[in-house]
Amino acid sequence: MTGTTVERDPSMTLKDEILEKYGRNAWDLILTVYVNFYYSELDIIDLCARWLPRRRGLREKNYLIRHAADEVVHARLFREGVEKLGQPWHEFDHEPYRIDDIGDRFAKLFYSDDEVEVLIGLNLYAEGVLAMEELYQLARSRTPYFHQFDRIEREERRHVAFGITVANQVLDDNAEARKRAVEHCKWYRDHMEGYLGGQLKESIAWAMEAGFVSDDYLDRTRARFDDVMSRIGIKEDVA
């Protein structure tokens, strides 16, 4: 006897499917993911624009232009993702889904004149650790709910590589910059523990229960942090 495939009712949206299969908590979690990724992309575009005049080399200017252009595309894809779920983007209140910590961190980076802080806080930590692990796992969740996350993850890798390249240039034979880098990394490591175990604790638990992320999500995120920081040669100093 062969198995039969049960087709979804064509009148049912993916939103309906999520609510029926996983419940309201999962729906709110998915909207939180999309909304915060979308607004983070807008913040990153502004941050790239602020630093563009400060880059002297054409190669580094090109990196920032490409970075900002990628984020414009990603913002559009995140918005499209919500629409594809069956939820019009402008027909729900975004504010309840926004995570204050994310906006506060990007605001802090926007007003910082410390190049080391911006490279570590944006390229290495926000993108290279938190966003990358989230994108990586959600893209592989085998659901249709996370639109183009695999593509976005691949393109975000360029931004991380840019940050690592420039950070290594800045830190090379610069003891003062290296000292600041170590302090920033210590701050972000402590932040990571409080962030994942605090405001996001319930959301991560729901994501694990739904099978959207692995049960060892937290350990994988910590391992990614260590890997990224090792690429600028300060992992041992941070530990």
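Data block above holds the structure.
Attention here is on the structure that accompanies the text. (Residues numbered from 1 in each chain as written. Predicted model: local features only at pLDDT ≥ 70, side-chain atom pairs only at ≥ 80, totals over all residues. Heavy atoms only, no water.)

### Brief notes about the side chain of His67
On the secondary structure map, His67 appears in helix 3 (residues 58–84). The residues contacting His67, other than those within four sequence positions of it, are Ile44, Cys48, Leu122, Asn123, Glu127 and His159. (Helix = DSSP H or I, 4+ residues; strand = E, 2+ residues; numbered from the N terminus. Contact = heavy atoms within 4.5 Å.)

### Details of the packing of helix 2 (residues 24–51) against helix 4 (residues 100–110)
Helix-helix packing: each pair is described by the crossing angle between the helix axes and the interaxial distance. Between helix 2 and helix 4, the shortest axis-to-axis distance is 10 Å and the interhelical angle comes to 5°. Our classification of the angle between helix 2 and helix 4 gives roughly parallel. In this structure, helix 2 contributes Asn36, Ser40, Asp43, Ile44, Asp46, Leu47 and Arg50 to the contact, and helix 4 contributes Ile102, Phe106, Leu109 and Phe110. (Axes fitted to C-alpha atoms, helices over the stretch in contact; angles between N-to-C directions. Parallel < 35°, antiparallel > 145°, perpendicular 65-115°, else oblique.)

### Concerning the environment of Tyr38
Tracing the backbone through its elements, the reader meets Tyr38 in helix 2. On the basis of relative accessible area, Tyr38 is assigned to the buried category, the value being 13%. Beyond its immediate chain neighbours, meaning those up to four positions away, Tyr38 contacts Ala75, Phe78, Arg79 and Trp89. (Buried < 20%, exposed > 50% of the residue type's maximum accessible area, 1.4 Å probe, protein only.)

### Brief notes about unusual backbone geometry
Phi is positive for Gln148, close to 60°, though the residue is something other than glycine. Assignment of secondary structure puts Gln148 in the loop between helix 5 (115–139) and helix 6 (149–171). Of the residues examined, Gln148 reaches a relative accessible area of 31% and is grouped as partly exposed. Despite not being glycine, Asp173 has its phi angle at roughly 55°, a positive value. Its location among the elements puts Asp173 in the loop between helix 6 and helix 7 (175–197). When its relative accessible area of 77% is taken as the criterion, Asp173 is described as exposed.

### So, the environment of Val118
For Val118, the location among the structural elements is in helix 5. For Val118, a relative accessible area of 7% corresponds to the buried category. Aside from chain neighbours lying at most four places away, what touches Val118 is Leu47, Trp51, Leu109, Ser112 and Asn123.

### As for the environment of Asp104
Along the chain, Asp104 falls in helix 4. Asp104 gets classed as exposed once you look at its relative accessible area, which sits at 54%. Along the chain, Asp104 and Asp114 lie ten residues apart, while their C-alpha atoms are 17 Å from each other.

### Notes on the pattern of salt bridges
Under the defined criterion, the tally for this structure stands at 21 salt bridges. The closest approach of N and O atoms between Glu60 and Arg55, which form a salt bridge, is 3.9 Å. According to the relative accessible area criterion, Arg55 is buried, its value standing at 6%. As a salt-bridge pair, Arg222 and Glu193 come within 2.8 Å of each other at their nearest N and O atoms. Here the residue Arg222 occupies a position in helix 9 (residues 217–230), and Glu193 occupies one in helix 7, the gap between them amounting to 29 residues. (Salt bridge = Lys/Arg side-chain N within 4 Å of Asp/Glu carboxyl O.)

### Observations regarding the layout of surface pockets
The computed volume of the largest pocket comes to approximately 180 Å³. For the lining of the largest pocket, the elements supplying multiple residues, two or more each, are helix 5, helix 6 and helix 9. With four residues, the single largest contributor to the lining of the largest pocket is helix 6. Here the lining of the largest pocket is composed, by residue class, of five nonpolar, one polar and four charged. (1 Å grid on protein atoms, 1.4 Å probe; cavity = no way out; pocket = protein on both sides within 12 Å on 5 of 7 lines; lining within 4 Å. Points joined across faces, edges and corners; volume = space filled by probe spheres on them. Nonpolar A, V, L, I, M, F, W, Y, C, P; charged D, E, K, R; others polar.)

Any link to function would need more than the numbers given here.
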